[in-house]
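# Summary of structural features
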Amino acid sequence: MRLQRIGVAIAAVAVVASACGGVGDDGSGPTGATGTTGIAHPTGADEVVLRVAYEGGFVPYEYTLSSVPSWSLFGDGTLIVQGPQIEIYPGPALPNLVAIPISEEGVQAILGAARDAGLMDGDATYDNDCIADAATTVFTTNADGETSVVSAYALDVGEPPGTCGGKDDGDARAALAEFQAMLGDLQSWLPADSVGAEEPYDPTEMRVYVQPYRGEAELPQGAIAWPLDVPLDGFGEPAANAPTDTRCGVVSGSEFETLFAVAKNANQLTPWTSGGTEYGLIFRPLLPDEHTC
């Protein structure tokens, strides 16, 4: 059974990586897009190797616009995840994202476990007819020369996994659930010293969604002046998958630096003023592979 083999695969990967000395002849690491040791994968800092994201579910559209993939591993070994979120309302305007360096030995162990969980067997979709309005967990794996997308609806809801499917479907869902749990506790099973210290993720671009200010009358907030030259009534383009009065634009360079610094002092209900009008803004920092709305 896949679940029983995951631990064996991890140990085997660690032994192979150790035996190979942990680096290639050119010092770039044991694997790469054209590597010959371990599981080949992209090596660029803006290339996704493995990503876990939630899609859909019965949530407000504002949540969908602001949501960030929960787990993204890039080719240079940088892992970007959501850090602890402060439990207040309204919450901060910016999400708490952290970056964690993973050694190549650790990347190989993660990919070995992903392969054993069925994430390198091609695209797959696993449904669950017993549960409504849940999110779909989407695993995207770019390794061994292929990109696979595996989706599992309501993966973390209900007991046991796969109750509404056949035995094969249940086994596959259980393997995915086990692997997802492992990704949340890397220190407990990756090779020693393969997980570095986490630091705040510093984005260089950000989506900004603009909509009429709605706010909440019982929670009045102090306004912040929009700091960029382009007024908010002309900022961006109509946003996809959002109400017709919502626009989206991407800021980068000096504009990003200016806005990001100001947004750190805002919350989700802060009114932003521009041209005498109040607007509501939703901020979505972009990950290294993202550049558009």
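This is a predicted model, so every value here is computed, not measured. Here the residue index of a chain counts from 1 through its sequence in written order. It should be noted that, the model being predicted, local features are given only for residues of pLDDT at least 70 and side-chain atom pairs only at 80 or more, the latter also being counted only at that level, while totals for whole chains, interfaces and linings use all residues. Working from all heavy atoms in the structure, the side-chain values ignore hydrogens and water.

### Observations concerning the state of the cysteines
To keep it simple, the criterion reads: Two cysteine sulfurs form a disulfide in these notes if their separation is within 2.5 Å. Starting at the N terminus, helices and strands are each numbered in turn, a helix being any DSSP run of H or I of at least four residues and a strand any DSSP run of E of at least two. For every residue, the accessible area obtained with a 1.4 Å probe (protein chains only) is divided by the maximum for its type, and the residue is called buried under 20%, exposed over 50%, and partly exposed between those limits.
All chains considered together, the criterion is met by one disulfide. With its sulfur 1.9 Å from that of its partner, Cys248 forms a disulfide with Cys293. Judged by the sign of its S-S torsion, about -85°, the cystine formed by Cys248 and Cys293 is left-handed. Note that Cys248 is positioned in strand β12 (residues 247-252) and Cys293 in the segment after β14 (277-285), a separation of 45 residues in sequence. Here Cys248 falls in the buried class, since its relative accessible area comes to 5%.

### Here we look at the nonpolar core
What counts is decided by this rule: Residues enter a nonpolar core if they are buried and are Ala, Val, Leu, Ile, Met, Phe, Trp, Tyr or Cys, with the set joined through side-chain atoms within 4.5 Å. Two residues form a contact once any of their heavy atoms are found within 4.5 Å.
Judged by nonpolar contacts, the single largest core of 35 residues is most densely connected at Trp71, Ile102, Ile110, Phe179 and Leu186. For this core, the elements supplying multiple residues, two or more each, are β1 (48-55), β2 (71-74), β3 (78-82), β4 (97-101), α3 (104-116), β6 (136-143), β7 (146-153) and α4 (167-183). In this structure, Trp71 is in contact with Leu50, Arg51, Val52, Leu79, Ile80, Val81, Ile110, Leu183 and Leu186, ignoring residues within four places of it in sequence. Judged by nonpolar contacts, the second largest core, of 20 residues, contains Val208, Val251, Phe260 and Tyr279.

### Quick notes on unusual backbone geometry
Residue Tyr89 is joined to Pro90 through a cis peptide bond whose omega torsion reads -5°. By secondary structure assignment, the location of Pro90 is in the loop between β3 and β4. Positive phi outside glycine occurs at Asp144, with the angle close to 55°. Relative to the helices and strands, Asp144 resides in the loop between β6 and β7. Phi angles above zero are rare outside glycine, and Asn241 is one such case at about 55°. Position of Asn241 among the secondary structure elements: in the loop between β11 (237-238) and β12.

### Focus on the packing of aromatic side chains
Here is the rule: Aromatic pairs are defined between Phe, Tyr and Trp rings, using the six-membered ring for Trp, whenever the two ring centres lie within 6.5 Å; interplanar angles under 30 degrees are classed as stacked, those over 60 as edge-to-face, and all others as tilted.
Scanning all chains against the criterion turns up four aromatic pairs. When the centroid spacing of 5.0 Å and the interplanar angle of 25° are considered together, the rings of Phe256 and Phe260 count as stacked. Highlighted residues: Phe256 and Phe260, both in helix α5 (residues 253-263), separated by four residues, approximately one helical turn. Judged by relative accessible area, which is 5%, Phe256 ranks as buried.

### Here we look at the confidence of the model for the chain
Note the threshold: Known as pLDDT, the predictor's confidence for each residue is given on a scale from 0 to 100.
Overall, the prediction assigns the chain a mean pLDDT of 86, with 84% of residues at 70 or greater. This stretch, residues 1-32, has a pLDDT under 50; its non-local contacts, to residues over four places away or in other chains, come to 49 contacts.

### Side note on the pairing of β6
The two faces of the sheet receive side chains in turn, since in a regular strand these alternate between them. The condition that has to hold: Two strands pair under a simple rule: DSSP has to find at least two bridges between them.
Of the pairings in the sheet, the one linking β1 to β6 comprises six bridges and is antiparallel in character. Looking at β6, one finds that Arg51 is bridged to Thr140. Here β6 pairs with β7 via eight bridges, running antiparallel. Across the sheet, Thr140 pairs through a bridge with Val149, a residue of β7. The hairpin turn running from β6 into β7, its antiparallel successor, is two residues long, and Asp144 in that turn takes a positive phi close to 55°.

### Focus on the pattern of salt bridges
What counts is decided by this rule: Within this document, salt bridges are pairs made up of a side-chain nitrogen of Lys or Arg and a carboxyl oxygen of Asp or Glu, the two lying within 4 Å of each other.
This model, assessed by the stated rule, comprises three salt bridges. In this structure, Arg284 and Glu290 form a salt bridge, with 2.8 Å as the shortest nitrogen-oxygen distance. Comparing Arg284 with Glu290, the two get one shared label, buried.

### Remarks on α5
Basically, it comes down to this: Our arc is simply the arc of the directions from the helix axis toward the C-beta atoms.
Within α5, burial applies to Phe256, Leu259, Phe260 and Ala263. All buried residues of α5 project into a common sector of 100° when viewed along the axis, lining one side. When the buried face of α5 is taken as reference, the exposed residues oriented beyond 90 degrees from it are Ser254 and Glu257. Here the buried face of α5 lies against β9 (205-212), β12, β13 (271-274) and β14.

### So, the sheet that holds β9
Our working rule: For helices, the fitted axis covers only the stretch in contact; all axes are lines through C-alpha atoms, and the angles between them, taken along N-to-C directions, range from 0 to 180 degrees.
Ordered by their spatial adjacency, six strands build an open sheet running β10-β13-β14-β9-β12-β11, and the pairing between neighbours is mixed. Either end of the sheet is taken by a strand with one partner, and the two such strands are β10 (224-225) and β11. The pairing of β11 with β12 spans two bridges and is classified as antiparallel. Pairing of Glu237 across the sheet is with Cys248, part of β12. Seen against the sheet, α5 touches β9, β10, β12, β13 and β14 and runs at an angle of roughly 110° to β12.

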